[in-house]
Amino acid sequence: MARRLPMEFSWRCTVMLSAVLMVFGCSREDSAPPPVSESTAVDADVSQNRPVEWPKHGGTDFEQRFGDLSEINRQSVERLGLAWFADFDTHRGQESTPIMVDGVLYVTTAWSKVYAFHATTGELLWKFDPEVPGGAGIKACCDVVNRGAAFDAGRVFTGTVDGRLIALDAKTGKPIWSTQTVDTSQPYTITGAPRVAKGKVYIGNGGAEYGVRGYVSAYSVETGELAWRFYTVPGDPQASPDGAASDEVLRDKALPTWHGTEWVKFGGGGTVWDSIVYDPELDQLYIGTGNGSPWNRQDRSQGQGDNLFLSSIIALDPDTGAYRWHYQETPGDTWDYTATQQITLATLNLNGASRQVIMHAPKNGFFYVIDRSTGRLLSAEKITPVNWAERIDLETGRPVETAGARFESAPFLSTSGGAGAHNWQPMSYSPETGLVYIPAQQVPFLYAREKDFVHRPGEWNLGVDLLGTPLPLDAVARQQIVAGLQGRLIAWNPVEQKSAWQVEHTAPWNGGTLATAGDLVFQGLTDHSFRAFDATNGDLLWQFPTQDAVITAPITYSINGTQYVAVTVGNGGGMPLTLPTFDGPKSTPNGRILVFALDGNTELPAFVPVIREPVVISGDLPAADESRAFALFGRYCAACHGIETLSAGVLPDLRFSPAAGNPELWKSVVVEGAFESKGMVGFGSRISVDDAELIRRYVGLQARRLVSSVPEVATP
């Protein structure tokens, strides 16, 4: 059975855990569900050697991430080997789902770069670098990642961290048009994959942690001209309407659910930073919206109201952007329980009737089945232990909340925090088994209201106290913290609304899944492995050492009768940047794409870790100075370099940085921005030279603690 949060967790360690997670063995039941007849695979005749492609982000418009291929199956998977691989030019996070069209594999990587490879040989056909300014990285809450591109009419469409939408010639990689989709004076970013339908490219954006107003836009495939825009939260009620498709519904439905005026200057949030899905059966566009800005409704909306359309699924007219219906999963969200997670379309047999549905597993820990023609909730059950709400009332569609869960007068320890029970990592659905395969996790979080909340432009503005108290130095207490972080692969029956089987992983934040007609489920893990499980019972059938974490989802395709499985490899994103590694960071190669086929015999080159020594500097740090340095580091450094410098090594571990031993070099980097072109902006407008020096001395103290806590020097 699933492990529970250890009872011996002291309140002190729980407070530490809340700071740690600020961003953001097997157990099975053999209860095979009835098969569902629907299949939305791409039409192809493999027997005639026609390619079976992966032309869209989720495989097809329905985004089931199901590969209707069976050459690689339960019997043959033991022969699976590496066919080819290609290295990227950066170590930063790899969250891209590749697409494969006409024998070409297109994949995006960190800093919004795009690569095109020959899908059977790995030959690099072209590479496109949008040359995102390094300073744009500070606007990205959760790394300079990119989740993929879109393809249509001989063009590849990609979004950039600095808010551009670009159309590239699919044969050459040369830009055809480029459109700036955001106000560059605001902390907007794009990390999600565009979607294309009906001659339009649809794209959203992120930035709610910093304070922006969310929206989704549609642009002409041919020209990049704006066709329509839909804002997800109201603007200033004293200002003129936006002149957007959302004007009427925001005035009539959304505005009455917001209170006070503070949310106007905070932006409100509700960003559409990931899931956008076109429904070809009902001719509707579905978008998932994010958290409020700030998180805490007490500071955003006087502690009142549903705050539409935060944490909602909204159905729109794809041609005009006109509102059709919405379902809000977390009314008045105050926990960062976004609804931006993957929206999957299917037809299910429910109570003897065929229903066109949305299946959704957002951050809040419930699995929703929603009638996609009306937005009516059909069922909702917990996929992981959930304590913010008892259940979802099927009559009203609203959660029955736990008393005190909104932490208005006292902290609330939630079984899952902003990292979510399920985050952006895609799930998959097999029409053959009738199961949804969810990369789930349990990451506890202590919610406490930030005292005297003040909006700080350019910084995280959550209304939630993230600093807490310093992590314990005691090894046992640290082991308890690690024990509270759980990951699992859940095979979920959406008809019966229960788990068919689940596999426990050793850590959270694992990769997305791919289901195939070969009765397999593929998933990569943060333990540096890529695995294939039996789709019917969860048995581990095959694994491959990847040399780095896998956090995104694989795809499959077939060319000339040969089935391939492809996945990008490389750690990153909000949680890996922040989550501490108590025994020191681990050195890994740059990001890669790995492509597998039966009897593949390519080998990865041996990786030799770079060995560095911590930069230990002399000088004591009095308790009062350490306390202030802890707060400064937490506010300005931890989101990229790890809580209390305990970096996993995705970005530089400052304890090993030469700048830590050189006050002038440190000042030039931290205060003056000497490395801005690499993404490290200067903080001279926010902190003083003295505070920067205090942070340097704090980093040196942490380096000394690292040296004294392990018998040998750690390997970064």
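Procedures and definitions
- Residues numbered from 1 in each chain as written.
- Predicted model: local features only at pLDDT ≥ 70, side-chain atom pairs only at ≥ 80, totals over all residues.
- Heavy atoms only, no water.
- Salt bridge = Lys/Arg side-chain N within 4 Å of Asp/Glu carboxyl O.
- Helix = DSSP H or I, 4+ residues; strand = E, 2+ residues; numbered from the N terminus.
- Buried < 20%, exposed > 50% of the residue type's maximum accessible area, 1.4 Å probe, protein only.
- Axes fitted to C-alpha atoms, helices over the stretch in contact; angles between N-to-C directions.
- Parallel < 35°, antiparallel > 145°, perpendicular 65-115°, else oblique.
- Contact = heavy atoms within 4.5 Å.
- Nonpolar A, V, L, I, M, F, W, Y, C, P; charged D, E, K, R; others polar.
- Disulfide = S-S within 2.5 Å.
- Polar contact = N/O pair within 3.5 Å; in protein donor to acceptor, adjacent residues only side chain to side chain.
- Core = buried A, V, L, I, M, F, W, Y, C linked by side-chain atoms within 4.5 Å.
- Phe/Tyr/Trp six-rings, centres within 6.5 Å; stacked < 30°, edge-to-face > 60°.
- 1 Å grid on protein atoms, 1.4 Å probe; cavity = no way out; pocket = protein on both sides within 12 Å on 5 of 7 lines; lining within 4 Å.
- Points joined across faces, edges and corners; volume = space filled by probe spheres on them.
- Pairing = 2+ DSSP bridges.
- Left-handed = near helix turned anticlockwise from the far one by under 90°.

**Q** Whenever I open this one, the pattern of salt bridges confuses me. Can you help?
**A** Side chains that carry opposite charge are capable of pairing whenever their charged atoms lie near each other. Counted according to the given criterion, the structure contains 35 salt bridges. Here D143 makes a salt bridge to R92, at a shortest N to O gap of 2.8 Å. Here D143, found in the loop between β7 (124-128) and β8 (150-152), pairs with R92, found in the loop between β3 (80-87) and β4 (99-101); they are 51 residues apart in sequence, far enough to count as distant. Note on D143: relative accessible area 3%, which makes it buried. Using a relative accessible area of 12% as the deciding quantity, one classes R92 as buried. Salt-bridge contacts for E496 lead to K498; the nearest nitrogen and oxygen are separated by 3.6 Å. The exposure class of E496 is partly exposed, given its relative accessible area of 39%. Residue classification places K498 among the partly exposed residues on the basis of a relative accessible area of 36%.

**Q** Teacher, can you tell me more about the packing of helix α7 (residues 623-636) against helix α10 (residues 689-709) here?
**A** Working note: a packed helix pair is described by the angle between its axes plus the distance between those axes. The geometry of α7 relative to α10 is characterised by a closest axis approach of 9 Å and an angle of 100° between their N-to-C directions. Comparing the axis directions of α7 and α10 gives the class roughly perpendicular. Residues D625, E626, R628, A629, F630, L632 and F633 of α7 pack against D691, L694, I695, R697, Y698, V699, L701 and R705 of α10. Of the residues in the contact of α7 with α10, the class split is nine nonpolar, no polar and six charged.

**Q** Please clarify how the state of the cysteines should be interpreted in this entry.
**A** Linking two cysteines covalently via their sulfur atoms produces the bond known as a disulfide. In the structure shown here, the tally under the stated rule is one disulfide. Across the disulfide from C141 sits C142; the S-S distance is 2.3 Å. For the disulfide bridge between C141 and C142, the dihedral angle about the S-S bond is near -90°, and by the sign convention the bridge is left-handed. Overall, C141 belongs to the partly exposed group, its relative accessible area being 23%. In this structure C142 comes out as partly exposed when scored by relative accessible area, which is 23%. With no disulfide of its own, C640 lies closest to C637 among cysteine sulfurs, the gap being 8.9 Å. Of the residues examined, C640 reaches a relative accessible area of 31% and is grouped as partly exposed.

**Q** What is the right way to look at helix α9 (residues 663-670) in this model?
**A** Side chains that are three or four residues apart share a direction in an α-helix, a result of its 3.6 residues per turn. Listing the buried residues of α9 in full gives W666, S668, V669 and V670. In the core, the buried residues of α9 are packed alongside α10. Taking the backbone nitrogen of E664 as reference, a side-chain oxygen 3.1 Å away marks N662 as the first, capping residue of α9.

**Q** What's the story with the nonpolar core in this structure? I'm lost.
**A** A general trend in soluble globular proteins is that nonpolar side chains are found buried together. Grouped together as the largest cluster of nonpolar side chains are 37 residues, with contacts concentrated most on L105, F117, F522, W542, Y557, I593 and F596. Among the elements that line this core, the one with the most residues is strand β40 (residues 592-598), at six residues. Membership of the second largest hydrophobic core comes to 32 residues, among which are F62, Y210, V386 and A389.

**Q** Looking at this structure, how should I read the packing of aromatic side chains?
**A** Any pair of aromatic rings gets described here by the distance separating the centres and the angle formed by the planes. Following the criterion strictly, the structure yields 35 aromatic pairs and no others. Ring plane angle 15° and centroid distance 5.4 Å describe the contact between F407 and Y447, whose orientation is recorded as stacked. Residue F407 is found in the loop between β27 (399-401) and β28 (412-414), and its partner Y447 is found in strand β31 (residues 445-447); the two are separated by 40 residues along the sequence. Note on Y447: relative accessible area 0%, which makes it buried. Note on Y636 and F683: the rings are 5.9 Å apart at their centroids and 70° apart in plane angle, and the pair reads as edge-to-face. Taken as a pair, Y636 in helix α7 and F683 in the loop between α9 and α10 lie far apart in primary sequence, 47 residues in all.

**Q** Got a minute to help me understand the environment of F596 in this structure?
**A** Here F596 lies in strand β40. Sequence separation between F596 and S416 is 180 residues, and the spatial gap between their C-alpha atoms is 35 Å. Those residues in contact with F596, other than ones at most four positions away along the chain, are L80, G81, L82, A83, F530, W542, F544, Q563, Y564, V565 and V567.

**Q** So what exactly am I meant to see when it comes to empty space enclosed by the protein here?
**A** Gaps left between atoms are located by rolling a probe of water-molecule size over the structure's atoms. Looking at the second largest cavity, its volume works out to about 130 Å³. Forming the boundary of the second largest cavity are 14 residues, of which K56, H57, D61, R195 and V196 lie nearest the centre. Contributions of two or more residues to the lining of the second largest cavity are made by β8, β12 (195-197) and β17 (276-279). It is β17 that provides the largest number of residues to the lining of the second largest cavity, a total of three residues. Residue classes in the lining of the second largest cavity are distributed as eight nonpolar, two polar and four charged.

**Q** For this particular structure, what's the right way to read the pairing of strand β9 (residues 155-159)?
**A** Both faces of the sheet carry side chains from a regular strand, because those side chains alternate between them. Among the five residues of β9, five are classified as buried, and the element is accordingly described as predominantly covered. Going residue by residue along β9, you find R155, F157 and G159 tucked away on one face and V156 and T158 tucked away on the opposite face as well. In this sheet, β9 lies alongside β8 in antiparallel orientation, the contact comprising three bridges. Bridging across to β9, A150 finds its partner in F157. As consecutive antiparallel partners, β8 and β9 are separated by two residues, and within that stretch A153 has a phi angle of approximately 50°, a positive value. The sheet contact formed by β9 and strand β10 (residues 164-169) spans five bridges and is antiparallel. Note that in β10 the partner of R155 across the bridge is D169. Joining the antiparallel neighbours β9 and β10 is a turn of four residues, in which G163 adopts a positive phi near 95°.

**Q** In this structure, what is going on with the packing of α9 against α10? I would like to understand it.
**A** Where α9 meets α10, the closest approach of the two axes is 10 Å, and the angle between their N-to-C directions is 115°. The two elements α9 and α10 meet at a crossing, and its hand is right-handed. Residues P663, W666, K667 and V670 of α9 form the contact with α10, whose participating residues are V689, A692, E693, I695, R696 and V699. Its residues assigned to classes, the contact of α9 with α10 comprises seven nonpolar, no polar and three charged.

**Q** Before we go on, may I ask you to explain the sheet that holds strand β11 (residues 175-180) in this structure?
**A** Strand pairing within a sheet occurs via backbone hydrogen bonds; the two strands may be parallel or antiparallel. Strand order in the open sheet formed by four strands is β8-β9-β10-β11, with antiparallel pairing between adjacent strands. Each edge of the sheet is formed by a strand with only one pairing partner; in this case those strands are β8 and β11. Direction aside, the axes of adjacent strands within the sheet are offset by 20° on average.

These figures come from the coordinates and say nothing about function on their own.
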